[in-house]
Amino acid sequence: MSEAMQERYAAESICFGCGQANPEGLRLRTFPDGEEVVAEWTPGPNHQAFPGVLNGGIIGALLDCQCNWCAAHYFMRTRGLDHPPVTVTAEYQVRLFKPTPSGAPVHLRARIAEAGERRVVVEAELSSGGERTATCSGTFVAIREGHPAHGAR
């Protein structure tokens, strides 16, 4: 797949982290890699917390979106769907291990740790220069009709 999952399945999304239709957002682009999903994203100077250091909130947004797309990819793959269901964050926790440099691309990788009928637990990591700088673990849910985000994707 040469196009990102967001471009293929949610081109009109305005999500701050991964929405391709949000010109002010981060516009994360996620790609399947077997059972995992991967992404590379390059920060700009406006994404810094301190000179040369990526803002923790930006890191959280990137990891949240990467995990959501991992959940969507899992449900699509395991249910034999041609389009992923919309998934939302129930909870997530980010752990920052060391400052993430803001002057180089970051790499994200996410995988399913536990799976249920509509809920999955996803684990993800963010690295820079080959070093893990942050991780995320969270619960993500495939939503049903009637949820406010149902028509969002």
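See the structure shown above.
Quick caveat: nothing in here was measured; it's all calculated off a predicted structure.

## Re the overall build of the protein chain
Alright, step 1. Along its length, the protein chain carries two helices and eight strands.
Alright, step 2. Listed N to C, the secondary structure of the protein chain is α-β-β-β-β-α-β-β-β-β in terms of helices and strands.
Alright, step 3. For a compact globule of 153 residues, the expected C-alpha radius of gyration is about 15 Å, and the protein chain comes in at 15 Å, within 12% of that figure.
Alright, step 4. On the principal axes, the C-alpha backbone points of the protein chain span a range of 45 × 30 × 30 Å.
Alright, step 5. In the protein chain, which comprises 153 residues, the share counted as buried stands at 45%.
Alright, step 6. Within the protein chain, contacts between residues at least 6 apart in sequence are counted, and of these 60% link residues at least 24 apart.
Alright, step 7. As displayed, the protein chain offers around 7,900 Å² of accessible surface, 47% of which is attributable to carbon and sulfur atoms.

## Description of unusual backbone geometry
Alright, step 1. Of note in the backbone geometry, Arg-27 takes a positive phi value of approximately 55° without being a glycine.
Alright, step 2. One can find Arg-27 in the loop between α1 (5-9) and β1 (30-33).
Alright, step 3. Taking relative accessible area as the criterion, Arg-27 reaches 38% and is therefore assigned partly exposed.

Parameters at a glance
Residues numbered from 1 in each chain as written. Predicted model: local features only at pLDDT ≥ 70, side-chain atom pairs only at ≥ 80, totals over all residues. Heavy atoms only, no water. Helix = DSSP H or I, 4+ residues; strand = E, 2+ residues; numbered from the N terminus. Rg over C-alpha atoms; globule rule 2.2 N^0.38 Å. Buried < 20%, exposed > 50% of the residue type's maximum accessible area, 1.4 Å probe, protein only. Contact = heavy atoms within 4.5 Å. Areas by Shrake-Rupley, 256 points an atom, 1.4 Å probe, with all protein chains shown as cover.

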